[in-house]
Number of protein chains: 2
Amino acid sequence: MPPLTPKALIFDVFGTCVDWRGSIIAEGRALDRRWGTAVDWPALADAWRGRYQPALDEVRSGRRPWTILDVLHRESLDALAPSFGLDKLDEAQRDHLNRVWHRLTPWPDTVAGLTRLKRRFVIGPLSNGNFALLTNMAKHVGLPWDVNLSCELYRAYKPKPETYLGAAGLLGLRPTETMLVAAHYSDLQAARACGLLTAYVHRPREFGDKPKNDLPADPTVDVVANDFEDLATKLGCC
Amino acid sequence: MPPLTPKALIFDVFGTCVDWRGSIIAEGRALDRRWGTAVDWPALADAWRGRYQPALDEVRSGRRPWTILDVLHRESLDALAPSFGLDKLDEAQRDHLNRVWHRLTPWPDTVAGLTRLKRRFVIGPLSNGNFALLTNMAKHVGLPWDVNLSCELYRAYKPKPETYLGAAGLLGLRPTETMLVAAHYSDLQAARACGLLTAYVHRPREFGDKPKNDLPADPTVDVVANDFEDLATKLGCC
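Residues numbered from 1 in each chain as written. Chains lettered and ligands numbered in written order. Predicted model: local features only at pLDDT ≥ 70, side-chain atom pairs only at ≥ 80, totals over all residues.

## A short note on the overall build of chain A
For step 1, the next point in the chain: A tally of helices and strands in chain A yields 10 helices and 5 strands.
For step 2, the next point in the chain: A principal-axis box enclosing the C-alpha atoms of chain A has dimensions of 60 × 35 × 35 Å.
For step 3, the next point in the chain: Across the 238 residues in chain A, those meeting the buried criterion constitute 43%.
For step 4, the next point in the chain: Within chain A, counting contacts between residues at least 6 apart in sequence, those at least 24 apart form 64% of the total. (Helix = DSSP H or I, 4+ residues; strand = E, 2+ residues; numbered from the N terminus. Buried ≥ 20, exposed ≤ 12 C-beta atoms within 10 Å, placed from the backbone. Contact = placed C-beta atoms within 7 Å.)

Here's what the structure looks like:
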């Protein structure tokens, strides 16, 4: 295998950079104390995320025109609210809860690993999260991105090819100079089909105690890393 | 006047953040030594920049489809090369020289001022420079942007309203929550017409010894600052 020479690393975010499930549970429990609610937050987090791919599919299929993730998240929340004892929340509370996705917290190695990777590569998120969501998240928890490559810029959701090729194109790079980093094998395979380099990062706690084993025994990726610090080391960052 | 409460500051780049003229002259003289050329670099810098607005006007008017600035810069360079003793440059040399616009150096206060402003606001360039140009420039000289809001994202050049409104929209902000920072009054007036807040920064050396006085005696802007450090102080940044 020739040495890997990416110029930019682009990152999946939900699950790869941040712990969406743990963040929703932690913030939700604090909201319970403030709002006097008593929500099953692990169940709500799973149900909310469970509506994610079906909602994106409506847009990917063309059945629905381009719609940003904040809107899709809010529709899912409104649909779930009655079953979770949240139907009495007013508009401001619902908006605040919906924007928990702007305040997700990183895995313990994320910021340190990105800081090392940033010294050598251009780094940015390639996420289905809308541009403002990713901007606010980075500002909130200190993700040191060089650029924001949100799928909103291409008006298409991963794994559509125009997202991977759009990110490389904006950066003025060939696909082979661009590496997708993700904790989801299907995302990486779609990027690889577009010619990008690929790095799988293990995130065994993405779904809490529920096991996560989406990496085949013989995966077709360029790098497999245990976390972002390991990735930085494997890519030659000091 | 009510207190200014922008959430994001977006910046003109050429002339406002970086010294395009001084950078081209300095790098050009180094290239003379390497290439054995003897170019009048101040004159070339002025002539190259002189072709900037006419080239953008072809796109703004719709006479020409969307074309990124790297391509327009290269066409201008190729047109000027024979008059400046550069007609013998090969393709690699022309490409390298054209990308001097990716390597422009900041004014002395730029990085320190942006670093202070970044603590309080989302900061990003809103420039006619293409996305890769702005990304590479930031990486090259350490401009600490949160996001890149290049006009390439809207496929329109300033002062088209869709550029100012597009940047605020991507950030999920109202125009009145977004402040344009520029050393050019016309840019600020176009942003103001879209509802944005505005900050004029004096850059008296943008054109070298040629005086620059584009700020009216009674300007309609929200802030006037001597440089980015002064701007940070005036916007309450420690």
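Here the narrative resumes.
## A closer look at the pairing of strand β1 (residues 8-11) of chain B
All names here are of chain B.
For step 1, the next point in the chain: The two faces of β1 match: A8 and I10 on one face and L9 and F11 on the other face are all buried.
For step 2, the next point in the chain: The pairing of β1 with strand β2 (residues 122-125) spans 4 bridges and is parallel. By the bridge assignment, A8 is partnered in β2 with V122.
For step 3, the next point in the chain: Two strands pair when backbone bridges link them, and β1 and strand β3 (residues 178-182) are joined in this way by 4 bridges, in the parallel orientation. Opposite F11, over in β3, you have V181 as the bridge partner. (Pairing = 2+ DSSP bridges.)

## Quick look at the sheet that holds strand β5 (residues 223-225) of chain A
Residues and elements named next belong to chain A.
For step 1, the next point in the chain: With respect to topology, 5 strands assemble into an open sheet ordered β2-β1-β3-β4-β5, the strand pairing being parallel. The sheet is open, and its two edges are formed by β2 (122-125) and β5, each paired on a single side. The sheet shows a mean angle of 20 degrees between the axes of neighbouring strands, taken without regard to direction. (Axes fitted to C-alpha atoms, helices over the stretch in contact; angles between N-to-C directions.)

## Quick word on the interface of chain A and chain B
For step 1, the next point in the chain: Contact residues are listed per partner, giving 13 residues for chain A and 13 residues for chain B.
For step 2, the next point in the chain: A per-element tally of the side of chain A that touches chain B places helix α7 (residues 131-141) of chain A first, with 5 residues.
For step 3, the next point in the chain: Split by residue class, the side of chain A that touches chain B holds 8 nonpolar, 3 polar and 2 charged. (Nonpolar A, V, L, I, M, F, W, Y, C, P; charged D, E, K, R; others polar.)

## Structural notes on the domain arrangement of chain A
Residues and elements named next belong to chain A.
For step 1, the next point in the chain: Along its sequence, chain A is carved into domain 1 (8-19 + 104-234) and domain 2 (21-102).
For step 2, the next point in the chain: The C-alpha centroid of domain 2 is placed 23 Å from the C-alpha centroid of domain 1.
For step 3, the next point in the chain: If you look at the interface, domain 1 gives 18 residues, while domain 2 gives 13 residues.
For step 4, the next point in the chain: Along the lines of polarity and charge, the residues of the side of domain 1 that touches domain 2 split into 6 nonpolar, 7 polar and 5 charged. (Domains from an automatic or database assignment.)

## Some thoughts on the pairing of strand β3 (residues 178-182) of chain A
Residues and elements named next belong to chain A.
For step 1, the next point in the chain: Extensive coverage of β3 is indicated by the burial of 5 of its 5 residues.
For step 2, the next point in the chain: Looking at chain direction, β3 and strand β4 (residues 197-201) are connected through 4 bridges and run parallel. Bridging from a neighbouring strand, V181 pairs with A199 of β4.
For step 3, the next point in the chain: Chirality of the crossover, the property in question, places the unit of β3, helix α9 (residues 185-193) and β4 among those that are right-handed. (Right-handed = clockwise from strand over helix to strand, strands pointing away.)

## Considerations on the sheet that holds β2(B)
Residue and element names in this part refer to chain B.
For step 1, the next point in the chain: As summarised here, the arrangement of the 5 strands in space is β2-β1-β3-β4-β5, forming an open sheet in which the pairing is parallel. The outermost strands of the open sheet, each flanked by one partner alone, are β2 and β5 (223-225). Taking each pair of neighbouring strands and ignoring which way they run, the sheet shows an average axis angle of 20 degrees.

## Notes on the confidence of the model for chain A
For step 1, the next point in the chain: Summary statistics for chain A give a mean pLDDT of 96 and a share of 99% for residues scoring 70 or more.
For step 2, the next point in the chain: Across the interfaces of the predicted complex, the ipTM metric reaches 0.96, alongside a pTM of 0.97. (pLDDT = per-residue confidence, 0-100.)

## Here's the deal with the environment of E206(B)
Residue and element names in this part refer to chain B.
For step 1, the next point in the chain: Tracing the backbone shows E206 in the loop between β4 (197-201) and β5.
For step 2, the next point in the chain: Taking the C-beta count within 10 Å as the criterion, E206 has 21 such neighbours and is therefore assigned buried.
For step 3, the next point in the chain: The spatial distance from the C-alpha of E206 to the C-alpha of W107 is 9.7 Å, given a sequence separation of 99 residues.
For step 4, the next point in the chain: When residues no more than four places from it in sequence are discounted, the contact partners of E206 are G15, R21, A183 and K212.

## Topic: the relation of the copies chain A and chain B
There are two copies of the chain, and a rotation about an axis plus a shift along that axis relates them.
For step 1, the next point in the chain: If you rotate chain A by 180 degrees and push it 0.0 Å along the axis, it lands on chain B with an RMSD of 0.0 Å. Considering both components of the superposition, the chain copies are consistent with a two-fold axis. Taking the C-alpha atom as reference, chain A places V147(A) closest to the rotation axis, 2.5 Å from it.
For step 2, the next point in the chain: Looking at the interface residues of chain A, 100% of them are also at the interface in chain B, so both copies use one shared face. (Least-squares fit on C-alpha atoms with pLDDT ≥ 70 in both.)

## Regarding helix α9 (residues 185-193) of chain B
Residue and element names in this part refer to chain B.
For step 1, the next point in the chain: Of all the residues in α9, the buried ones are D187, L188, A190 and A191. The buried residues of α9 occupy an angular sector of 160 degrees when the element is viewed end-on, so they sit on one face. Residues of α9 that are exposed and angled more than 90 degrees away from the buried face: S186 and A193.
For step 2, the next point in the chain: Next to the buried residues of α9 lie α8 (161-170), β3 and β4.
For step 3, the next point in the chain: Once α9 ends, the next one or two residues include G195, with phi positive near 100 degrees. (Arc of directions from axis to C-beta.)

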